[in-house]
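Understanding the architecture of this molecule
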Amino acid sequence: MYFGAPVWPLKWDPPYDETIVRLHELGFKGVEMIGWSRKALDEYYTKETIQSLKELVKKLGMVVTNFNHTPEGIASLDEAVYKEKFDNFCKTIEVAAELGSENVTQVAGFPFGHGHEEFIELRHLAEMQVWSYGSIGEGLDWQKGYDHYVEMIRKCCRYAAKFGLRVLIEPHPYRWANNAPALLRLFDHVGEKNLGCNFDPSHMFPSGDMPEWAVYMLKGRLWHTHFSDNDALTNVHWRPGQGKINWKAVMKALDDIGYTGTINFELEDVPGAATPTSAVSQCINNEMENEILAAKRYIAGLCAEQGIEIQ
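The structure contained in this document is the topic of the report that follows. What you are looking at is a predicted structure, and each value in this text was computed from that prediction instead of being measured. (Residues numbered from 1 in each chain as written. Predicted model: local features only at pLDDT ≥ 70, side-chain atom pairs only at ≥ 80, totals over all residues. Heavy atoms only, no water.)

With that settled, consider the packing of helix α3 (residues 47-59) against helix α4 (residues 79-99). Here α3 crosses α4 at 40 degrees, and the two axes come no closer than 9 Å. Judged on the interaxial angle alone, α4 and α3 are oblique. Residues Lys47, Ile50, Leu53 and Lys54 of α3 form the contact with α4, whose own contacting residues are Val95, Glu98 and Leu99. In terms of residue class, the contact of α3 with α4 is built from four nonpolar, no polar and three charged. (Axes fitted to C-alpha atoms, helices over the stretch in contact; angles between N-to-C directions. Helix = DSSP H or I, 4+ residues; strand = E, 2+ residues; numbered from the N terminus. Parallel < 35°, antiparallel > 145°, perpendicular 65-115°, else oblique. Contact = heavy atoms within 4.5 Å. Nonpolar A, V, L, I, M, F, W, Y, C, P; charged D, E, K, R; others polar.)

Between helix α5 (residues 142-161) and helix α6 (residues 180-190), the least distance of the axes is 9 Å, while the angle of their chain directions is 70 degrees. Compared by their axis directions, α5 and α6 come out roughly perpendicular. Residue-level contacts link Tyr146, Tyr149, Val150, Ile153, Arg154 and Cys157 of α5 to Arg185, Leu186, His189 and Val190 of α6. Of the residues contributing to the contact of α5 with α6, the split by class is seven nonpolar, one polar and two charged.

If you walk across this open sheet you meet the eight strands as β7-β6-β5-β4-β3-β2-β1-β8, and the pairing is parallel. Lying at the two open borders of the sheet, with one neighbouring strand each, are β7 (222-225) and β8 (262-264). Taken over all neighbouring pairs, the strand axes of this sheet differ in orientation by 35 degrees on average, direction set aside. Bridge count between strand β5 (residues 166-170) and strand β6 (residues 195-199): three bridges; the pairing is parallel. Its bridge partner being in β6, isoleucine 169 is matched across the sheet by cysteine 197. (Pairing = 2+ DSSP bridges.)

Any functional reading would require information that these geometric values do not contain.
Printed below as a string of structure tokens:
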């Protein structure tokens, strides 16, 4: 295992050259890239930019661990919508392959193609007297909706296989796959060997998973990680050690299943985070550097206690 981090908590929008250098200076080997939109995929990730990024990553002795793009709406039953979103993800796969990533990730889809902007952010759960999405889903054929989502993920996997890439689903509350059992069901229904999991316990913990148990359940399909902590109620992304997740048990579980990939810190809700909607996104004075280095020290310490090797 080795340490890495995504670019977006440090810099939300491209370009990402300086962010990659910044992560290298902080001592990270892995870097995760992202394309927020089709516009970013087309206009930022040109062949020239991709070549420049590859050369930079190689020069710094780093590796691209994952490429992240969520085609919101891919689960829609509207043919025009799901065809567009599938095409966007195909473009994502092509960009990821050119960058040299072996993984491409999408967050699990909302039922029937709903988007995250339609829902109240989970961080508000504690202050709401009634927590419900009301009439969404009434009168719809839920089996048809799930079967369609399965077919779309199958198509994504088959296209990715042409490039030798793995498709990772990141669980998220209130989506077709929100925890480890839902992922296992999806794997069975899709039936493609290159379908796996981006393990993000800050999404899975509030969805009912015990994170260390989920690691064991997902053995053989857990191919990338997003490390952050939370209160088990919301899906905020604090640094490990600041919430309720048992990270010592998580690291033991990862070691037990033979995981050799990146320990990837996705700190979206810490001081200095670039996340536009975060309550702490306007903090200054190198808070992000302090947070991400503290996270690395904390996990490294837990590993040292247990004799777990980190490169």
